[in-house]
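# Structural characterization, general
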Amino acid sequence: MQPMGEFFAEYGALLAEGVWASLVMTVASTFFAYVIGLPLGIWFHLTKEDGLRPNRVVNVVLGWVINIVCAAPFVARIVEQSLAEVDGGLIEAAYSFGASDLQIVVKVMIRESLPSIVRGVAISFVTLFGYVAMAGTVGAGGLGSIAIRYGYQRWNTTMMVVAVLLCVIFVVAFQTLGDHLARRIDHRSR
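Below, the structure is looked at part by part. Every value quoted in this text rests on a predicted model; they were computed, and no experiment measured them.

## Regarding the overall build of the protein chain
Helices and strands together make up the secondary structure of the protein chain, namely 7 helices and 0 strands. The helix and strand sequence of the protein chain, counted from the amino end, reads α-α-α-α-α-α-α. A compact globule built from 190 residues should have a C-alpha radius of gyration of about 16 Å, whereas the protein chain, at 21 Å, is more than 25% larger. Considering only C-alpha atoms, the protein chain reaches an extent of 70 × 40 × 15 Å along its principal axes. Here the protein chain, with 190 residues, has 42% of them falling under the buried criterion.

Okay, structure coming up:
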């Protein structure tokens with residue numbers, strides 16, 4: 001096992017490149033999953049039998065679409081569950097004050113479910129980060145690729161440990177960040 005100074009002198013740039021590639025792939029996939037999944041999750045929730053705009057046909061079709069659209073269904077289900085946690089009394093109160101469906105969705109449902117949605121973003125990010133690492137093991141690049149090519153295949157235990165440790169650090173950091181942000185925006189806990 002080589003000293004850590006030598007190790008990072010030799011592989012530091014490679015690890016930095018792997019971290020960057022992993023983060024770019026994860027951030028991009030999380031972003032697009034939410035661009036697709038957030039509206040799908042909201043629409044799916046609104047068209048449920050007890051939603052603001054019940055529509056069984058649309059709800060069934062959305063259910064099928066959500067189940068076949070890559071990471072977006074995961075996000076859509078998280079969003080739908082987050083919206084389902086909103087107290088029905090708040091929605092009824094907004095209706096009684098004359099709020100439109102759009103106002104109820106934006107100012108009541110999304111606002112009240114935002115801490116849960118933020119936690120869902122953290123969970124989605126961590127899950128997709130794991131997928132990116134696994135994809136790296138079959139050639140997609142990033143830390144998974146480094147762990148396999150420079151660690152496992154070359155019997156470089158230090159490289160495998162460092163690559164896996166970096167993955168764990170990112171997972172813990174993003175989950176902690178998500179939990180912290182969710183607590184900060186949760187007006188119910190103040």
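After that view of the structure, there is still more to cover.
## As for a nonpolar patch on the surface
On the surface, a nonpolar cluster with roughly 390 Å² of combined accessible area is contributed by Phe-31, Phe-32, Val-35 and Ile-36. Here Ile-36 lies in helix α1 (residues 4-46).

## Some thoughts on the packing of aromatic side chains
By the definition in use, this model includes 8 aromatic pairs. Ring geometry for Phe-7 versus Phe-8: centroids 5.2 Å apart, planes at 85°, classification edge-to-face. On the accessibility criterion, Phe-8 (41% relative accessible area) is partly exposed. When the ring of Tyr-11 is compared with that of Tyr-150, the centres are 6.3 Å apart and the planes differ by 70°; the resulting orientation is edge-to-face. Separated by 139 residues along the polypeptide, Tyr-11 in helix α1 and Tyr-150 in helix α6 (residues 142-152) bring together distant segments of the chain. Take Tyr-11 and Tyr-150: they sit in the same class, and that class is buried. Grouping aromatic residues by their ring pairs yields a cluster made of Phe-7, Phe-8, Tyr-11 and Tyr-150.

## As for the environment of Val-121
You can see Val-121 is positioned in helix α5 (residues 101-136). For the pair Val-121 and Ala-84, spaced 37 residues apart in sequence, the C-alpha separation works out to 17 Å.

## Considering the pattern of salt bridges
Counted under the stated rule, the structure contains 2 salt bridges. Of the charged contacts in the structure, one is a salt bridge between Lys-48 and Glu-80, with a shortest N-O distance of 2.9 Å. Within this pair, whereas Lys-48 is found in the loop between α1 and α2 (56-68), its partner Glu-80 is found in helix α3 (residues 72-84), the two being separated by 32 residues in sequence. Each member of the pair, Lys-48 together with Glu-80, is buried.

## Considering the nonpolar core
Counting residues in each nonpolar core, the largest one holds 17 residues, and the members touching the most others are Leu-52, Ile-91, Ile-104 and Met-109. Elements with a minimum of two residues in this core: α1, α3, α4 (88-96) and α5. Among all residues touching Ile-91, those that are not within four sequence positions of it are Leu-52, Val-86, Ile-104, Val-108 and Met-109. By size, the runner-up hydrophobic cluster in this structure holds 16 residues, among which are Phe-125, Leu-143, Ile-146 and Phe-170.

## Let's talk about the packing of α1 against α3
Contact geometry for α1 and α3: axes closest at 7 Å, N-to-C directions at 45°. Accordingly, the angle class assigned to the pair α1 and α3 is oblique. The interaxial crossing formed by α1 with α3 has right-handed handedness. For the pair formed by α1 and α3, the contact residues are Ala-33, Tyr-34, Ile-36, Gly-37, Leu-38, Leu-40, Gly-41, Ile-42, Phe-44 and His-45 on the first element and Ala-72, Val-75, Ala-76, Arg-77, Ile-78, Val-79, Glu-80, Leu-83 and Ala-84 on the second. Of the residues assigned to the contact of α1 with α3, the class counts are 14 nonpolar, 3 polar and 2 charged.

Conventions adopted
- Residues numbered from 1 in each chain as written.
- Predicted model: local features only at pLDDT ≥ 70, side-chain atom pairs only at ≥ 80, totals over all residues.
- Heavy atoms only, no water.
- Helix = DSSP H or I, 4+ residues; strand = E, 2+ residues; numbered from the N terminus.
- Rg over C-alpha atoms; globule rule 2.2 N^0.38 Å.
- Buried < 20%, exposed > 50% of the residue type's maximum accessible area, 1.4 Å probe, protein only.
- Patch = residues over 30% accessible without salt bridge, like charges linked within 9 Å, V, L, I, M, F, W, Y side chains within 5 Å.
- Areas by Shrake-Rupley, 256 points an atom, 1.4 Å probe, with all protein chains shown as cover.
- Salt bridge = Lys/Arg side-chain N within 4 Å of Asp/Glu carboxyl O.
- Phe/Tyr/Trp six-rings, centres within 6.5 Å; stacked < 30°, edge-to-face > 60°.
- Core = buried A, V, L, I, M, F, W, Y, C linked by side-chain atoms within 4.5 Å.
- Contact = heavy atoms within 4.5 Å.
- Axes fitted to C-alpha atoms, helices over the stretch in contact; angles between N-to-C directions.
- Parallel < 35°, antiparallel > 145°, perpendicular 65-115°, else oblique.
- Left-handed = near helix turned anticlockwise from the far one by under 90°.
- Nonpolar A, V, L, I, M, F, W, Y, C, P; charged D, E, K, R; others polar.

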